[in-house]
Structures are given as C-alpha cells and as structure tokens.
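An overview of the molecular structure
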Amino acid sequence: MTRPATTDAPTGAGAARAGLAHGTRVLLTFAAAVVAFAGIWLGREILAPVAVAAVVVIIAHPVRFPLERRGWPKWAATTIVIVVAYLILAILAGLLVFASAQFVAMLPDYADELQATAASIADTLSSLGLSDEAADATSSILDPGTLVGIAASVADAVLGFATAFFFVLAYVIFMAADAARFGRLNTVFGSTRADGIGTRYFSGVRRYYVVNATFGAIVAVLDGLLLWALGIPIPIVWAILAFVTNFVPNIGFVLGLIPPAVLALVVGGWPLALAVVLAYCVINVTLQVLIQPKFVSDAVDLSLTLSFFSVVFWAFVIGPIGAILSIPLTLLVRALLVEPDDHAETLRRLSGNPAQEGSHHVVEPSQAG
Amino acid sequence: MWWNRRKQAEAEPPEPAAPDAAPADTTPVSAHRTAFIMLGLAGAVVVSFGIAAIAEIFVWSFFALVLTICVYPLRSWLERHGVKRGVATVAVILAVVLLLGVFVFAFFFSFAQFLALLPQYTDEFQTWASNVGAWLSGLGLGQQQIDEISTWFDPGKVLDVIGSLVGSAAGFVTAGVILLTMLMLMAMDSSPVRTLVRELYPRRPLLATAAFAYTIGVRRYMVVTTFLGIAQGVINWIALVLLGVPGAALWGVLAFLCSFIPNVGYFIAIIPPIVFGALVGGWPLVLAVIVVYGIINAVVQSLVQPRVVGNAVALSQSITFFSVLFWAVVLGPMGAILAIPLTLLVRMLLVDSNPNMTWTRAALGDFDEAKKVMEAEDAAAKAERKLRRHPAASGGSAAADPGAAAAASDAAPS
C-alpha cells in the first residue's frame, strides 16, 4: 500500500486499513471534483445568491455582540444585523445602479468619437501588418450599434439580477436569524477543532472584506480625484468601478483600469491614455500590491498564486460574482478539505498557511515549552 | 417497495463505520477524507441530475408516498377497531381518492369559472401591454425586446403560467395515472409496514427510528399545512369576492396550493389577484389585496403554523428557503410544493440514520439544545442585570433598558 509522499503526519491504524492505491485515490478525487464543480456550475443561479448572502451575514454578524452585551433582546440584535447587511447591499447596489445609469447616459455623447478611435486603431493595426480580419473585429467591438446592443442585453439581465437580489435579501433575513441560534450551540461543527476552523474561517472572511473595503475606498477616492484632474468624463463612475473591482484580488486593478484608459484614449489621445495608465499603476501598485497584502495576508493566509487562480476559477464556475467571492470560496474549500486533515499538512503550507493553531505541530512544542 | 429498497441501499455504507465512531474530537481523520468528501459531493450532483431526469415519475410517486403516509393513521384506527386488512386498504384508497377528487374538482370548477370570465378582460390586457411597451421604449429598449415582453401579457400566457403549476394537460393525464396507481399499490403495501419496521428495529435501530420519526414529521407538517391552507384559501376567496376581484375562487385554490411552499408561496399566490385587482379597481384595490393577503399570511404562517407544527420538522429557515429553490429547479413546481418532505427525506437518509452525522442536526435547524442554552443564558443575564441595576435603580440613575429597570423597580419594594 503506497502512502502519499507528502504526508508528514503520524500514520495510524487508519492508514493501514487504506483500501485504495494512492494514484487511484487521487484520480477518483479529481474525477469527483470535476463532477461536483460541474454541478455547482449548472446550479450557479441558485447557489450564487446563497454565497453572497452568507458572506454579507458573516460580515454583519459581529454587530450583535456589543448590542447583546448591553442587554438588547435577541430579536432586536438580529434586526440590527439584518439592517446592517441590507445597508451593505443597498450601498453596493446603489453604487452599481448609479454608475451604470451614468455610463449609459454618457455613451451616446461619445459614440462618434469611439468610432473614430476604433477606425484609427484599425488603421494602425493594418499598417503594423495585422490582417484586416483582426482589425475588423476590433472596430466591430467598438461599433456603437454593438454598444447599444450590449446596453439592451444589460437591461435584459437586470431582470435576472433583480430575482437573484430578491433571493439574497430573503436569505439574509433567514441566515441572520439562524446565525443567532448557531452562536448559542455548544459546538456548531461537531468538535472543538472543527469549531476552531470555522471561527477562523469566519473571522478571515470578515477581515478580508473589511480591509479590502477600506483600501478600495482609498483607492477609489484617489483614482476619482486623479481622473477628475485629468479631465476624463464621469470620473465618479470609474471611482466606483475601482472600488468594486478592488474586491477582485490581483487582476481587479486591471479590470478597473481598462474603461477609463479607453475613454482617455477617445477623449485625449495616446498621451492622456498613457497618463491615466501610469497614474493608476502608481496608485494601485503602491496601495494594492505593496501595502494591502500586509493586512490581507494576515487575514486569509492564501498564497498569491492560489488567490489569483481562485479568481479565474470561481469566475468561471459561478460567473462574475465568483471573482468577488473567490477568496471566501477558496477558503471554504480549504477549511473543508485541507485544514481538518493532518495528512494534508504540506498542501496546507502550499496554500499559504504556514502555521495553524490547534494542529499537532504547533501544540506539541508549546506543550513541551 | 422502491423507497424501502433505496432507504436500505443508502443506509448500508454507514453501518460498518458505526462501531469505531468514537467522540468526534478523537476520531482519527481517514486517509481517504478528501476523496470521500469529493465523492460524496459528486454523488449528490449525479443523484440530483438523475432525479431531475425522471422528475415526472419521481415527483408523482413521491407525492403518492406522502399521501399514503398522511392517511396511514386511518388504517391503524380501522384495524384497531377490528376491520379486516383488505377492507381497511380499500377504505384508505377511497379516502385518498376522495380528498384528491375534491381538490381537483375545486380546481377545475374555479378554473372554468375563471375561463368564462377571462374574455371580458382581453381588451384591458392589451391596453396594459401597449402601455408597458410605450414605457419600455421610453427607456430605450429595442422593439424586439418589447414584443417579447408584451407577449407575457397575453391572456393565454397567464393561463399557461397557471397551468404549468400543476403540469400541462398531457402531463396531467400521465401524472394522474402514475399517482392513482402508486396510491393503490402503496395503500396495499402499507399494510405490513408497521410489522416490517418493528422487525427492522433490532438490526438497525437508528434507521427504524429515523424512518418512524420521518413519517410522523411529514404527516404532522402536511396535515397541519393542508388545514391551514384550506383556511387561508377560503378566507382569501371570501375576501377577494368581497373586494370584487375576478376569478376569486381560482386565486383561493392557488393560495391553498402555495401555502405548501414555505417562504416563497405567498409571493406567487399574491401576483394574480394583484394583476386582476389592478385591472378592475386600480391602485386602491391592489393595496387592499396586498393588505388582506399580508395579514392572513402573517397570522397563519408566522403565528399559527410554527406553534402547531412545532419541532416535527426542525429545519432552519435558511435550509427551508434553499430547499424550496433547489427542489423547484430539480423537480419543477411540484418540487416546490413537496420541498419540506423531500428535504426531510434527504435528512432522514443521510443524517438521522447515521450516528456519525448527528452533530449536523443542530446546524440543519434542530435547535432544541440551542434553545435550552439560550433560555438559561437569558435567565442568567437577566438576573445579572437585575443585580447590577438594583443598587443603580435606588440611586435614581440608569434606565437604558426599560424592561430591566422595571423589573428592578418591581423588586425594590419587596
């Protein structure tokens, strides 16, 4: 019976009983994972609202503790939690609606300029020797008709979004009430160790979003001021975009940069576009790449590679909202599969979590000392 | 019977694991832990798709099972009074068919009444549709989208929506045949069930107990919901007749059906009366309908139902809401109606009959333990506050918490 080479945990009686060869087990696990994630992909429309509501309730839940200490009744504390969760959702939804309305209202004004820019880009491309096909594709993307079509399909998607949002609002009520009860249980996840993992997960998710929202707000204000100073149209929309995309780890900054850069190109040509890109890079690299990870990595302990991969992966599995929820979802997978398993010590270290309270490897030395 | 076979097949894996199920803290983690979890999740996905593929058969067979469970006490009552087994079986079948017949009659009667009324409102519907179209083109939508949306307001479409709630006409016949046949067969097979479960008990005590608890929980929930649903439907019907909304009887039946869908049903049941109220009486009537439905729904579903159903179901609100959406996606509208029994069945198979999983009961919504802890904590906190406030109250300060302050001042004279 082959044992996985990666385990450094003591092999107990359970290992001797192991019935599957290591390779078979790995293949079976991956096959099952493919099926499970395909299931999540197919059920994303009913699963995504659950994930959104769960994250919002996790963030808002601690509000109840100071209230309960002051002797508020439980239902009142739960109501406040729901109100806070709704406020978070309302602010986000309000920002998004405001930004899209501004954006849609601005589009017709710049349709002609967009087309002109697209034509000039096509010329450049063909002069560089690229085939006409590529150039045609580029210019057709920027065709105002296509843009209007996109706007219409956005309006179409709003209906689906409204349904999902209604589900999120309902889940928030139920989950806040249930969370109040879970808090009183002796053990929520069956054992003290599992409870420790659960608590760490919840506080990690909470810290991650609080830190990200703070930095997102700073970045958004700086970016907005910068764009306003450079004279880019509707700077407030791009500030909101920067705030929202800040929740997407690693590549969020690039997503938030593209539209204002394109607009700068349309309005002021290459120099302005370059200025926007450079200024964005300075602001975002300083804040997001140099300072923010110091705070976030404390909270989540995910390696950079893994956090980037999880953005791409979850965006693929449950859609755009998956990019924003990628960190909590990856943490959930790790809390479920890797953390309770002593055999997966190496995997856990690879995922970016070097030490763990409560595991044998930390407890034993501390007991010795 | 198929559900028995499945029960046993599903319950088999946990059995060998049971002997070495030590307290959770000391259980060594299996070397196959990740593989087992992923295989379990993948199995759940595959089973969901399998069930979705045979949704039409599955949903009506399961409905027959639920009905059989609900009328089982009639059989035991008859048998206790010395009626022969065969006669009891026939009586049970007759009772179920009678109940279903009454419902189907009420449904078709109200539907026919509504159909006769509908042509009067065709013009109003079309005016509405063109109004909405004008509004949408004002928003900047293309003609194609507007046409698409306008078709929603076609009276025929409304009928389709209502019809899809119980299945299309062709599916109706198939469903009826499957349902009636299954009902008869299950009624016959239900005769030895009590003995079978009693024999099962020594060998698989947890499974037998879980199955027994399942039948009790489902019966309690379904019977209570049925009676409350009838009450809700009749009150809504009378209210709508008094308000003068057309098709009141049909909306009453719809309210009855939707009362089986927790959390979401109310919103489905209220849409048609709002639409027709708007057609007939405009905003005041719409408001009246919303207020009447809201009050009736709040009283019945939030106040009466939890008290009568009690701990028979013990599913948390989040799980209940998710299960409605999940079963609606997997099985269609009937899945939403049967969401609670279906989720309880899954819990019975995976959690209740498996000693390793009992800890999840609390997370799934069995808050008995939590309630006790909460009550104890509340009492302790109250006593502590009283103690703390007692000297403060005599000092004349501190009245942040009126309840505690009142309690303290009550305590002061004595």
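Residues numbered from 1 in each chain as written. Chains lettered and ligands numbered in written order. Predicted model: local features only at pLDDT ≥ 70, side-chain atom pairs only at ≥ 80, totals over all residues.

**Considerations on the overall build of chain A**
Check the secondary structure of chain A and you find 15 helices and 0 strands. Per-residue burial over chain A gives 29% buried out of 369 residues. Put simply, of all contacts in chain A between residues at least 6 apart along the chain, 64% involve residues at least 24 apart. (Helix = DSSP H or I, 4+ residues; strand = E, 2+ residues; numbered from the N terminus. Buried ≥ 20, exposed ≤ 12 C-beta atoms within 10 Å, placed from the backbone. Contact = placed C-beta atoms within 7 Å.)

**Overview of the overall build of chain B**
When helices and strands are tallied, chain B shows 19 helices and 0 strands. In chain B, which comprises 414 residues, the share counted as buried stands at 29%. Within chain B, counting contacts between residues at least 6 apart in sequence, those at least 24 apart form 64% of the total.

**Here we look at the confidence of the model for chain B**
Residue and element names in this part refer to chain B. Looking at chain B, pLDDT values average 75 and 73% of them are 70 or higher. Between residues 1-26, whose pLDDT stays under 50, and residues either more than four places distant or in other chains, the model counts 23 contacts. In the predicted complex, the global pTM is 0.75; the interface-specific ipTM is 0.73. (pLDDT = per-residue confidence, 0-100.)

**A short note on the nonpolar core**
In this structure, A:Val57, A:Val172, B:Val66 and B:Leu338 are the most contacted members of the largest nonpolar core, which totals 112 residues. By residue number, the principal contributor to this core is helix α4 (residues 55-80) of chain B, which donates 12 residues. When residues no more than four places from it in sequence are discounted, the contact partners of B:Val66 are B:Val218, B:Met222, B:Leu338 and B:Pro341. Among the nonpolar cores identified, the runner-up in size contains 22 residues, and A:Ala220, A:Leu257, A:Val276 and A:Tyr280 belong to it. (Core = buried A, V, L, I, M, F, W, Y, C linked by C-beta atoms within 7 Å.)

**What to know about the packing of helix α8 (residues 192-230) of chain A against helix α9 (residues 235-245) of chain A**
All names here are of chain A. At a minimum axis distance of 8 Å, the contact between α8 and α9 shows a crossing angle of 155°. Taken together, the axes of α8 and α9 lie roughly antiparallel to each other. Remark: the crossing between α8 and α9 carries right-handed chirality. Across the interface between the two elements, Gly 216, Ala 217, Val 219, Ala 220, Val 221, Asp 223, Gly 224, Leu 227 and Trp 228 from α8 touch Pro 235, Ile 236, Trp 238, Ala 239, Ile 240, Ala 242 and Phe 243 from α9. Looking at side-chain class alone, the contact of α8 with α9 contains 13 nonpolar, 2 polar and 1 charged residues. (Axes fitted to C-alpha atoms, helices over the stretch in contact; angles between N-to-C directions. Parallel < 35°, antiparallel > 145°, perpendicular 65-115°, else oblique. Left-handed = near helix turned anticlockwise from the far one by under 90°. Nonpolar A, V, L, I, M, F, W, Y, C, P; charged D, E, K, R; others polar.)

**Digging into the packing of α8(A) against helix α13 (residues 326-338) of chain A**
Residue and element names in this part refer to chain A. Two elements in contact, α8 and α13, have axes separated by 10 Å at closest approach and are oriented at 165°. Here α13 runs roughly antiparallel to α8, going by the angle between their axes. The handedness of the crossing between α8 and α13 is right-handed. Seen from α8, the contacting residues are Ile 197, Tyr 201, Gly 204, Val 205 and Tyr 208; seen from α13, they are Ile 327, Pro 328, Leu 331, Leu 332 and Ala 335.

**Description of the environment of B:Ala88**
Residue and element names in this part refer to chain B. If you trace the backbone, Ala 88 turns up in helix α5 (residues 85-117). Classification of Ala 88 as buried rests on a count of 21 C-beta atoms within 10 Å. Along the backbone, Ala 88 and Leu 74 are 14 residues apart, and their C-alpha atoms lie at a distance of 8.2 Å. When neighbours within four sequence positions are excluded, Ala 88 is seen to be in contact with Arg 75, Leu 78, Glu 79 and Val 83.

**Overview of helix α11 (residues 304-318) of chain A**
Residue and element names in this part refer to chain A. Taking 1.5 Å of rise per residue, 15 residues should cover 21 Å, and α11 covers 21 Å from first to last C-alpha, within 8% of that figure. Within α11, the full set of buried residues consists of Ser 307, Ser 310, Val 311, Trp 314 and Ile 318. Down the axis of α11, the smallest arc covering the buried residues is 110°, so these residues share one side. Of the residues in α11, the exposed ones pointing more than 90 degrees away from the buried face are Thr 305 and Phe 316. Each element contacted by the buried residues of α11 is listed here: α2 (22-42), α3 (44-60), α12 (320-324) and α13. Backbone geometry just after α11 places Gly 319 at a positive phi near 90°. (Expected span 1.5 Å × (residues − 1). Arc of directions from axis to C-beta.)

**Thoughts on the environment of B:Ala231**
All names here are of chain B. Looking at where Ala 231 falls in the secondary structure, it is placed in helix α11 (residues 205-243). Residue Ala 231 is classed as partly exposed on the basis of its 16 C-beta neighbours within 10 Å. Once the C-alpha coordinates of Ala 231 and Gly 252 are considered, the two residues, 21 residues apart in sequence, prove to be 9.7 Å apart.

**Let's talk about the confidence of the model for chain A**
Residue and element names in this part refer to chain A. Mean pLDDT over chain A works out to 76, with 78% of the residues at or above the 70 mark. Mean pLDDT per element in chain A: helix α15 (residues 360-368) is the minimum at 38, and α3 is the maximum at 89. Long-range and interchain partners of residues 1-16, a stretch whose pLDDT sits below 50, account for 20 contacts in this model, where long-range means more than four residues apart. Taken as a whole, residues 357-369 scores under 50 in pLDDT and shows 8 contacts with residues more than four places along the chain or in a different chain.

**Considering the environment of B:Trp251**
All names here are of chain B. Within the secondary structure, Trp 251 sits in helix α12 (residues 248-258). With 30 C-beta atoms packed within 10 Å, Trp 251 lands in the buried category. Apart from the residues within four sequence positions on either side, Trp 251 is in contact with Asn 236, Leu 240, Pro 272 and Pro 273.

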